[in-house]
Amino acid sequence: MTSSASSSPLWIFGYGSLIWRADFAFVEQRPAYIRDFSRRFWQGSSDHRGMPGAPGRVVTLIEDLEACCAGMAYRIDPKLTSTVLAGLDHREQGGYDQLQLPIHFSPTEVVTGLTYYANPRNSSFLGEAPVDSIARQIVDSTGPSGPNSEYVLELDSALREINRVLAQDTDSHVAAIATAVRQLLSTAIP
């Protein structure tokens, strides 16, 4: 996808921090979902939620046939497409690429849009790990955008509301990580 402006609106699908921290101009936002992908805390973040040599963990999309991943879709004013994409390209530079895909608002209302995902071959991809290991890494990580635990808890809270609106099940991976993070934070010595 190019960054040039066109007459048709661009839809951006956010499934991580873009759900609760969209720092770009948009005309409309709507709860939405994509198919055949699962959200996983398998991407390292040395630029936002961790530091070089001590990355935090953030979400990416993993191909998963029959899966459904809820998030937030943003319609961008065609006149601002270049500006918004330039900002998102910078924000998502830590291993993320653009991916064009169908975005569903309902079973019958679908638009084509784009999202950012971390290809498993990127140098910051951490991959699968046990829930308790992921939670410990998250609790121990802080970066320029704040504590990694904030990212997890904000995402979990936002997804609960989106899934309620879309009448979908809770994201079990995010919920398990958030529960483990809350437990670690509650037992931390002040």
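Each value, and the rule that gives it
- Residues numbered from 1 in each chain as written.
- Predicted model: local features only at pLDDT ≥ 70, side-chain atom pairs only at ≥ 80, totals over all residues.
- Heavy atoms only, no water.
- Core = buried A, V, L, I, M, F, W, Y, C linked by side-chain atoms within 4.5 Å.
- Buried < 20%, exposed > 50% of the residue type's maximum accessible area, 1.4 Å probe, protein only.
- Helix = DSSP H or I, 4+ residues; strand = E, 2+ residues; numbered from the N terminus.
- Contact = heavy atoms within 4.5 Å.
- Phe/Tyr/Trp six-rings, centres within 6.5 Å; stacked < 30°, edge-to-face > 60°.
- Expected span 1.5 Å × (residues − 1).
- Polar contact = N/O pair within 3.5 Å; in protein donor to acceptor, adjacent residues only side chain to side chain.
- Lys, Arg positive; Asp, Glu negative; His and termini not counted.
- Salt bridge = Lys/Arg side-chain N within 4 Å of Asp/Glu carboxyl O.
- Pairing = 2+ DSSP bridges.

A. Molecular detail of the nonpolar core. In this structure, Ile12, Tyr15, Ile34, Phe41, Ile103, Val152 and Leu155 are the most contacted members of the largest nonpolar core, which totals 48 residues. It is strand E3 (residues 56-76) that contributes the most residues to this core, 9 residues altogether. Excluding residues within four positions of it along the chain, Val152 makes contact with Phe41, Ile138, Ile177, Ala178 and Val181.

B. Main features of the packing of aromatic side chains. Taken as a whole and judged by the stated rule, the model has 7 aromatic pairs. Between Phe13 and Tyr15, the ring centres sit 6.5 Å apart and the planes meet at 25°, which makes this aromatic pair stacked. Ring centres 6.1 Å apart and planes at 75° place the aromatic pair Phe41 and Tyr151 in the edge-to-face group. Placement of Phe41 in strand E2 (residues 28-45) and of Tyr151 in helix H4 (residues 148-166) is noted, with a sequence separation of 110 residues between them. With relative accessibility at 0%, the residue Phe41 sits in the buried group. Given a relative accessible area of 5%, Tyr151 falls into the buried group. Taken together, the ring pairs in this structure connect Trp20, Phe41 and Tyr151 into an aromatic cluster.

C. Structural context of helix H5 (residues 172-187). Helix length check: H5, at 16 residues, gives a terminal C-alpha distance of 23 Å against a target of 22 Å (1.5 Å per residue), a fit within 8%. Residues of H5 that are buried: His173, Val174, Ala175, Ile177, Ala178, Ala180 and Val181. In the core, the buried residues of H5 are packed alongside E2, helix H3 (131-139) and H4. Structurally, the start of H5 carries an N-cap: the backbone nitrogen of His173 is 3.2 Å from a side-chain oxygen of Asp171.

D. Inspection of the side chain of Arg57 at higher detail. Positionally, Arg57 belongs in strand E3. Of the buried charged residues, Arg57 lacks a salt bridge, with Glu128 as the closest side chain of opposite charge at 9.4 Å. From its side chain, Arg57 meets the backbone oxygen of Gly127 in a polar contact 2.9 Å long. Not counting the four nearest positions on each side in its chain, Arg57 is found in contact with Phe41, Trp42, Gln43, Leu126, Gly127, Ala129, Ile134, Gln137, Ile138, Asn148 and Tyr151.

E. Spotlight on the pattern of salt bridges. Considering all chains together, one arrives at 11 salt bridges under this definition. The residue Arg30 makes a salt bridge to Glu28 at a minimum N-O spacing of 4.0 Å. By relative accessible area, which is 24% here, Arg30 ends up partly exposed. Among the ionic pairs, Arg39 bridges to Asp171, the shortest N-O distance being 2.8 Å. With Arg39 in strand E2 and Asp171 in the loop between H4 and H5, this residue pair connects regions lying 132 residues apart in the sequence. Residues joined in a network through salt bridges with shared partners are Glu28, Arg30, Arg75 and Glu109.

F. Structural context of the side chain of His173. Its location among the elements puts His173 in helix H5. Residue classification places His173 among the buried residues on the basis of a relative accessible area of 12%. Those residues in contact with His173 that sit more than four places away from it in its chain are Arg39, Arg40, Phe41, Trp42 and Ile134.

G. Seen up close, the pairing of strand E1 (residues 10-14). Taken across its 5 residues, E1 has 5 buried, putting it largely inside the fold. By the bridge criterion, 5 bridges tie E1 to E3 in an arrangement that is antiparallel. Bridge pairing in E3 links Phe13 to Ala73.

Limitation: the analysis is restricted to geometry and does not speak to function.
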